[in-house]
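# A closer look at the structure
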Amino acid sequence: MKKIRLDIVGLSYSQTQSGAYALVLGEMNGRRRLPIIIGGFEAQAIAIEIEKMTPTRPLTHDLFKSFAQSFSIQIQEVIIYNLVDGIFYAKLICMGGSRQQVEIDARTSDAIALAVRFDCPIYTYEFILATAGIVVEGNDFVFLGKMEGQEEPAEAGASTGSKANLSQLSDDELKKQLKEALTEEAYERAARIRDELSKRRGSN
């Protein structure tokens, strides 16, 4: 399958889950965005490296990098290769001192925290972007697909954009809210609205 390269385009505090963050990956040379909810520790690890801050003591991902480099191991790329029940799966493509390529399974948030440290590319596949991506075209939006079997996160229940509130809105109201969320780059809220629309389309 053809790989699609992604960049980190946003990292914002989650308004629905205490201690969680919305990591937004963007398609290179494209308009699609892939929002992923990650934990606070992983968000901090990614932000610290992006901002080129130096912690007083090495974080876990810094330790992993030092350990790997001490044994001539490099991460060549990170691939988000699957999406099952709303959970993204990633792997590290590594090259060891013997020049043998090895694939290591990893949580997506950890994989990206390591990708920014090793300055390696992040990839995904078309079916993942088509299923879970969101894209803005001018002042309009394009709905990109249905996430099979996905359930709303149990913690997502605050004000506008909660599962209960969304289920009470008409399709036109949801589309209006989705457009507003994309304009404001509120990708976490946009993802919840996208999933509600997807659920309705799947039931038609």
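Residues numbered from 1 in each chain as written. Predicted model: local features only at pLDDT ≥ 70, side-chain atom pairs only at ≥ 80, totals over all residues. Heavy atoms only, no water.

Looking at an unreviewed UniProt entry, one finds the protein chain named BFN domain-containing protein, with Anseongella ginsenosidimutans as its source organism.

### Some remarks on the overall build of the protein chain
Spelled out, the test is: By the criteria applied, helices consist of DSSP H or I runs no shorter than four residues and strands consist of E runs no shorter than two, each listed in order from the N terminus. Exposure classes here rest on a 1.4 Å probe applied to the protein chains alone. A residue is buried below 20% of its type maximum, exposed above 50%, and partly exposed in between. We call two residues in contact when some of their heavy atoms are within 4.5 Å. Values of accessible area rely on a 1.4 Å probe in the Shrake-Rupley scheme; residue burial ignores everything except the protein chains shown.
Of regular secondary structure, the protein chain possesses seven helices and nine strands. Burial statistics for the protein chain: of 204 residues in total, 46% are counted as buried. Long-range contacts, defined as pairs at least 24 residues apart, comprise 55% of the intrachain contacts of the protein chain with a sequence gap of at least 6. Approximately 11,100 Å² of the protein chain is accessible, and the part contributed by carbon and sulfur atoms is 49%.

### Comments concerning the pattern of salt bridges
So the rule is basically this: The rule for a salt bridge is simple: a side-chain nitrogen of Lys or Arg has to be within 4 Å of a carboxyl oxygen of Asp or Glu.
Tallying each qualifying case throughout the model produces eight salt bridges. Between Glu49 and Lys52 there is a salt bridge; the shortest N-O distance is 3.5 Å. One salt bridge connects Arg117 with Asp62, and the closest N-O pair in it is separated by 2.7 Å. On the criterion of sequence distance, the pair formed by Arg117 in helix H3 (residues 108-118) and Asp62 in helix H2 (residues 60-70) is long-range, its members being 55 residues apart. The burial state of Arg117 is the same as that of Asp62; both residues are buried. Connected through shared salt-bridge partners, Glu27, Arg32 and Glu126 make up one network.

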